[in-house]
Amino acid sequence: MKDRAELVIIGGGVVGLSLAYHLARLGMTDVAVLEQRFLCYGASGRNGGGVRQQWSTEDHIRLAKQSVKHFRRLAKETQYNIWFRQGGYLFLARDAETAAFLEKNAKLQNSYKIPTRVLPPSEAKRIVPDLNTDGIEVCAYNPTDGVLFPWPALWGMAKYVSKRGVEINTYTQVLGLDIQGGRINAVVTNKGRIATRRVVNAAGAWSSQIARMAGLELPNKPYRHEILVSEPLKPFLDPMVSDLKTGTYFSQTMRGEILGGISDPLEPSSMYTGSSFRFLARMCASMSKIMPRLAGVKVLRQWAGYYDETPDGQPVLGQVGEVDGFVQMNGFGGHGFMLAPAIGEITAKWLLRKSDHEVFCKYNLDRFSKGEIQKETFVIG
Amino acid sequence: MGAKTLVCRCEDVSLLDLEEAYKEGFRDMESLKRYTGYATGFCQGKGCQAHVARFLSQKSGGDDKVTNPTRTRPLLHPTPVAMFARAGEPELIDVTRLEADTQKPQTGEDAE
């Protein structure tokens, strides 16, 4: 491991690697990425790979749109097939309030040229013939949303940056930050010390623990989210289907599996990633109600990962707190993967002082003390 | 055994695939699984995990840190959605009292 770097990124997940990737594209490669275990260990290797542009805030819509552009060319640039398939997202509303929510969001998304349409159930059935439309008021469908396979996306970015001189250190745990006079001197790890002036905290579920090493309290809390995967089937399901009443979502991967999860309003914050029978039962009941044909499909495996959640469903970004050079890129909840390409690009340009961006004001931590919160309410899973 | 020897029948991973992944730097059970896809198919590792452990053991000269198995998760056997859909709403187990990440895989250079 090198003993000095221009920038140290804590976290080898999609957020940290996306930053390293965009920095490398801009010519900055004196960067060390520290991953506590192996690549794909955290939420970046455990998520459902959904990439949607249907959001309720302008920022998320714009960032997601920018990310889709990146995902479309990521395979070519990294020479790794990330299995990105734009089969759309179909959201189901079961009451008038949710229907109005989808209508309002669709208008906002349309103003950013996202082609979302609100459809009656009969039209949704043309897109998903096996959909049980009982009790569905309307659906919102955007054909340019999609799904990808998270693992090769990470491998691709990791290889791209490694080839250009970025050092990715796996099984490297951060033990502390050496801070003097309000400035960062070094990062202390189980493999030694790296002298640096700038550190990015992209540690996902562990970001609050890392921040505490600099005396910074983040409002982020980790929550377990479970997910399951079925046996592979012949392709028959184009979009990701999501029921907003239960927070259920599922899609068919490029490998043919049905993969999805469900919200559990009772789930407390924890660092536990065991599997529960409760999830299995609730998810299976919900998915077979939405699409009765799935009742006969066999489940292969269930697993769990974390959402690194903030009180308003939006990330913490930029220079936060008293320590100069300590930058946050965390709190992405369940949508870190889909926003990472855009956030990585914006943050890379900001770090290199090529361009500023309003997200570094808006998503600073002081929004909670100033009360300037614009809550993202379109959150599932 | 030749390069085309199948290690994982579900996901069609050959010995050559393992060799190439190893060269790329994927040198423990968890990383190899994610890179090659072994143990992600119908058998969930029941048929292939031992072969991969043997491969890594030979490569590392018997280092048991790199051959610890990947995390075991439900289901034991592929089971239809309908079987679980009838189970109602099982009670929530208080996970906050459980130790964080109890089944942490012991791989790679953890002991350092």
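The structure presented is a predicted model; accordingly, all values stated were derived computationally and were not measured.

Turning next to the interface of chain B and chain A. Between chain B and chain A, the residue contacts involve 35 residues of the former and 37 residues of the latter. Listing elements by their share of the side of chain B that touches chain A, those giving two or more residues are α2 (29-36), β3 (79-80) and α4 (81-85) of chain B. Its residues placed into classes, the side of chain B that touches chain A shows 17 nonpolar, eight polar and 10 charged.

Residue and element names in this part refer to chain B. Among the residues of helix α1 (residues 15-23), Asp17, Leu18 and Ala21 are the ones counted as buried. One side of α1 holds all its buried residues, which, seen down the axis, span an arc of 100°. In this structure, the buried residues of α1 make contact with β1 (6-8), β2 (13-14), α2 and α3 (49-60). Downstream of α1 by one or two residues, Gly25 has phi in the positive range, about 105°.

Moving on to the nonpolar core. One finds Val8(A), Ile9(A), Ile10(A), Ala20(A), Cys139(A) and Leu154(A) to be the most contacted residues of the largest nonpolar core, which totals 142 residues. Those residues in contact with Ala20(A) that sit more than four places away from it in its chain are Ile9(A), Val31(A), Val33(A), Val161(A) and Val166(A).

Residue and element names in this part refer to chain A. Across the sheet, three strands lie side by side as β9-β10-β11; this open sheet has antiparallel pairing. In this open sheet, the two strands that pair with only one neighbour each are β9 (174-180) and β11 (192-195). When strand polarity is set aside, the average angle formed by the axes of neighbouring strands in this sheet is 25°. Inspection of the sheet shows β9 paired to strand β10 (residues 183-189) by six bridges, in the antiparallel sense. Residue Asp178 lies in a different strand from β10, and its bridge partner there is Ala186.

What follows is about the environment of Arg367(A). Relative to the assigned elements, Arg367(A) resides in helix α10 (residues 366-370). Between the alpha carbons of Arg367(A) and Asp312(A) there is a distance of 10.0 Å; along the sequence they are 55 residues apart.

Attention now moves to the confidence of the model for chain B. Here chain B averages 87 in pLDDT, and 88% of its residues register 70 or above. Our summary of model confidence lists the complex with pTM equal to 0.95 and ipTM equal to 0.92.

Analysis parameters
- Residues numbered from 1 in each chain as written.
- Chains lettered and ligands numbered in written order.
- Predicted model: local features only at pLDDT ≥ 70, side-chain atom pairs only at ≥ 80, totals over all residues.
- Contact = placed C-beta atoms within 7 Å.
- Helix = DSSP H or I, 4+ residues; strand = E, 2+ residues; numbered from the N terminus.
- Nonpolar A, V, L, I, M, F, W, Y, C, P; charged D, E, K, R; others polar.
- Buried ≥ 20, exposed ≤ 12 C-beta atoms within 10 Å, placed from the backbone.
- Arc of directions from axis to C-beta.
- Core = buried A, V, L, I, M, F, W, Y, C linked by C-beta atoms within 7 Å.
- Pairing = 2+ DSSP bridges.
- Axes fitted to C-alpha atoms, helices over the stretch in contact; angles between N-to-C directions.
- pLDDT = per-residue confidence, 0-100.

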